[in-house]
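An overview of the molecular structure
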Amino acid sequence: MHLPIPRVPAPVPAAPDLEARLTDEMASVVAGARRRALRDGDRQIDTAHLLHSLMETDPEVRAAFDGAPQVARVLGYLVQRSIGYGLRWQGSVEDSGALPLLTQPGWSPAAVTAMEAALSRAGARGEIRVGGTDLLAALVADPECRAVEVLDHAGVDAGELAARLAQGPPSRQVSQG
């Protein structure tokens, strides 16, 4: 009796043009998204991989959401994606069609578009460093991307989140004691 040989996805290659312009923090987010893509059996980093990595690593990104219950719901859907929810996406290329097709090896066109938009958003503020909220704002700006689909399933209004992000970083409240 012959046992089937498990399918091992090809490694997700780095995107040198894009990744050369990232800070250490954003490079860490991308590395997490790449590991997630490999574990999920995907050939490309997509916007949901980026969202998952952002949610896990960046406290400012989590603070942009409407409280801990909303963060928990989003992370719950992202975990479900890792264990099977995203199987319908496996083997397909994420291309929301929002902008012309951009190519970067190992990245979905929508993920490249989001990273480029995050770099532009930071540059518009005069910043050379791209923050996690820059990438989150870029993700929610594309209503057809997988990250927004995950947010929708978790009950997050992407338009409302985009409006909060446009107002700037969440204010830190000082407790009076």
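It should be noted that the structure appears before, not after, this text.
Now for a quick tour of the structure.

Calculation criteria
The numbers attached to residues start from 1 for each chain and follow its sequence in the written order. It should be noted that, the model being predicted, local features are given only for residues of pLDDT at least 70 and side-chain atom pairs only at 80 or more, the latter also being counted only at that level, while totals for whole chains, interfaces and linings use all residues. As a convention, hydrogens and water are excluded, and side-chain values are obtained from all of the structure's heavy atoms. Note on definitions: salt bridges are taken to be side-chain nitrogens of Lys or Arg within 4 Å of carboxyl oxygens of Asp or Glu. Only DSSP runs of H or I reaching four residues or more are called helices, and only runs of E reaching two or more are called strands; each is numbered from the N terminus. A 1.4 Å probe rolled over the protein chains alone gives each residue an accessible area, and that area as a share of the maximum for its type sets the label: buried under 20%, exposed over 50%, partly exposed in between. The arc in question is the one traced by the directions running from the helix axis out to the C-beta atoms. Throughout, a residue-residue contact means that at least one pair of heavy atoms, one from each residue, lies within 4.5 Å. Under this definition, polar contacts are N or O atom pairs within 3.5 Å; protein pairs additionally need one hydrogen-donor-capable and one acceptor-capable atom, and for neighbouring residues in sequence, both atoms have to be side-chain atoms.

**Looking at the pattern of salt bridges**
Pairs may arise between side chains of opposite charge once their charged atoms sit close together. In total, this model carries six salt bridges according to the counting rule given. Note that Arg121 is salt-bridged to Asp134, the shortest N-O span being 2.7 Å. One end of the pair, Arg121, is in helix H6 (residues 109–124); the other, Asp134, is in helix H7 (residues 132–140), with 13 residues separating them in the sequence. Using a relative accessible area of 25% as the deciding quantity, one classes Arg121 as partly exposed. A salt bridge links Arg125 to Asp134; the shortest N-O distance between them is 2.5 Å. The class of Asp134 is buried, set by a relative accessible area of 1%.

**Focus: helix H9 (residues 158–166)**
Taken together, the buried positions of H9 are occupied by Ala158, Leu161 and Leu165. Relative to the axis of H9, the buried residues are bounded by an arc of 60 degrees and lie together on one face. In this structure, the buried side of H9 is in contact with H6, H7 and helix H8 (146–153). The N-terminus of H9 is capped by Asp157, whose side-chain oxygen sits 2.9 Å from the backbone nitrogen of Gly159. Where H9 terminates, the next one or two residues include Gly168, which has phi positive at roughly 105 degrees.

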